Amino acid sequence: MSKEIARRDFLKAAVAGAAGLAAMGALGPAAFAEEEKAPAFAGKPKFAEIGSVREVAEDVWYVGVSDRRIELFENVYPIPRGVAYNSYVILDEKTALIDTVDRSVTGQFFENLTAVLDGRPLDYLVVDHMEPDHSSAISEVLVRYPAAQVVCTKAAAVILNQFFDCDISDRVIYAEEGDTLRLGRHTLTFVHAPMVHWPEVMMSFDDLSGILFSADAFGSFGALNGNLFADEVDFKNDWLPDARRYYCNIVGKYGPQVQAVLAKAASVPIKMLCPTHGPVWREDLGWILEKYSLWSSYTPEEQAVMVVYGSVYGGTESAANAVAAMISQQGVSDVAVYDVSKTHVSELIGEAFRCSHIVLASITYNMGVFTPMKNFLLDLEAHNLQNRCFSLIENGSWSPAAGAKMMEILNRLTAAAYVGKPVTILSSPDEGDYIALRALAEEVAASVKEPPTVIAAEEESGTARWVCTLCGYVYEGESVPEDFKCPICGAGADKFEKE
Ligand code: FEO
């Protein structure tokens, strides 16, 4: 049952400021005294045209910032289009800031925030997600706005202190599942979303605007270019690959947890999705929700083929090009070829989530799989890819072994199926190999046109997946040991159900 944290915690506001300030160090209350002289709520802010500020809905403002200097997101993923760190303000009888930004863009962020608050105090900082790309400005927010209370999950408070040595115990409101926070006309309801993308994540639903502040969910790589809303850009052509790559690499492993949140969202009258990265969704929500449903259930987005090859002297590359052409000649138009050595693995992961069929062609290297190919396959396993059809081509000049080694990894994926007979090449493909590749291509094309029933790896291996009913963590094994504790939420074995 929903609880009114407004009632029990507004009382704390009067005493929240001083101790927090003392703990924060350099920036004292004097520097921001003007911001604490709260004028009465006077409608729209006066200087909202500053920076990247935009009105999202009535009383709701975008104060996030785009970063075009960053090369690698999480120091892993190339983002040539940059990234946006989204943050929002609700101006009501009380004011609320929803998440902050990465430390790289705090200058513009505080210009935006100051402009939108327009001299009003900040009453609440809602922390939906504690990862530092959204939380590294929190300490400064707490100093600048000493009366602001922090609304977050208990797990978020712990991690906040771990990262920033930031004790908020005297000004925190813990948001339990279903708690509400009344701001005036707007009331926020908090929905826990563990592992989307960290264990402390929650989402905030504003009943008046119908906005779901969705943390990382429905986000995308890519800086915003003046346009804020997905319907203001050509999302399907210009943004979808980066949205998919973002989802699959950042959250892809946690499909069951995303499914759990989608199930909760189905009962909420959402009119707008405000993620922490990328454009805001106010139209065609069903389209992006459907994408998330496919991605999080590991259902192929397209009946399509990706051919990935690892080649040193060109023989394997020739075979990959040939099989792709042969598949195309069989009437499959959606075929893409990737050199595993040249394509960032995050691109390959995104494509693997999109395509129904994956043809892997690898040389034998150190009696195993070519290293970049092995890394790709291990990344597929790490991201929990399921329900895919694989076809294999191996090359070896004296002792081909890559095929069997690739299968060792693929056999660990759930519901991996094989299409066609593996083709073995000795150094470079000869006439007989091309005949074998033609046969493989015909089987792949036929399978793409008429999807086969996949064989569940679970049935072959005897392992099963057990889902924590509290947080969605997945345990894999024949059964959950009696003394097992969920590493995320601490639930016992009795809380796990077979998927
Ligand atoms: Fe954008 Fe999980 O942080």
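Up top is the structure these notes are about.
As the structure is a prediction and not an experimental result, all values here were calculated from the model.

### Brief notes about the side chain of Asp67
- Along the polypeptide, Asp67 turns up in strand β3 (residues 65-67).
- Engagement of the side chain of Asp67 in a polar contact is seen with the backbone nitrogen of Arg69, the distance being 2.9 Å.
- Only 3.3 Å separates the side chain of Asp67 from the backbone nitrogen of Ile70, close enough to count as a polar contact.

### Remarks on the pattern of salt bridges
- Under the defined criterion, the tally for this structure stands at 16 salt bridges.
- A salt bridge links Glu301 to Arg244; its shortest N-O distance comes to 2.7 Å. With Glu301 in the loop between α10 (285-296) and β17 (302-310) and Arg244 in helix α8 (residues 235-250), this residue pair connects regions lying 57 residues apart in the sequence. With respect to burial, Glu301 and Arg244 carry one shared label: buried.
- In this structure, Asp334 and Arg354 form a salt bridge, with 2.9 Å as the shortest nitrogen-oxygen distance. Placement of the pair is Asp334 in the loop between α11 (315-329) and β18 (335-339) and Arg354 in helix α12 (residues 345-354), with a sequence separation of 20 residues.
- Overall, the relative accessible area of 25% leaves Asp334 in the partly exposed class.
- According to the relative accessible area criterion, Arg354 is buried, its value standing at 9%.

### Side note on the packing of aromatic side chains
- Considering all chains together, one arrives at 19 aromatic pairs under this definition.
- Summarising the aromatic geometry, the rings of Phe218 and Tyr292 are spaced 4.4 Å apart at their centres and angled 45° between planes, so their arrangement reads as tilted. Highlighted residues: Phe218 in the loop between β15 (211-213) and α8 and Tyr292 in helix α10, separated in sequence by 74 residues.
- A relative accessible area of 6% places Phe218 in the buried class.
- Plain terms: the ring middles of Phe235 and Trp281 are 4.6 Å apart, the flat faces sit at 70° to each other, and that makes the pair edge-to-face. You can see Phe235 sitting in helix α8 and its partner Trp281 sitting in the loop between β16 (272-274) and α10, a full 46 residues away along the chain.

### Regarding the nonpolar core
- By size, the foremost hydrophobic cluster in this structure holds 131 residues, and its most contacted members are Val56, Phe109, Leu360, Met373 and Phe376.
- With eight residues, the top contributor of residues to this core is α8.
- In contact with Val56, other than residues within four places in its own chain, are Trp61, Tyr62, Tyr88, Ile211, Leu228, Phe229, Met272, Cys274 and Val280.
- Counting 25 residues, the second largest nonpolar core, distinct from the first, contains Ala319, Ala322, Cys389 and Ile425.

Calculation rules
Residues numbered from 1 in each chain as written. Predicted model: local features only at pLDDT ≥ 70, side-chain atom pairs only at ≥ 80, totals over all residues. Heavy atoms only, no water. Helix = DSSP H or I, 4+ residues; strand = E, 2+ residues; numbered from the N terminus. Polar contact = N/O pair within 3.5 Å; in protein donor to acceptor, adjacent residues only side chain to side chain. Salt bridge = Lys/Arg side-chain N within 4 Å of Asp/Glu carboxyl O. Buried < 20%, exposed > 50% of the residue type's maximum accessible area, 1.4 Å probe, protein only. Phe/Tyr/Trp six-rings, centres within 6.5 Å; stacked < 30°, edge-to-face > 60°. Core = buried A, V, L, I, M, F, W, Y, C linked by side-chain atoms within 4.5 Å. Contact = heavy atoms within 4.5 Å.

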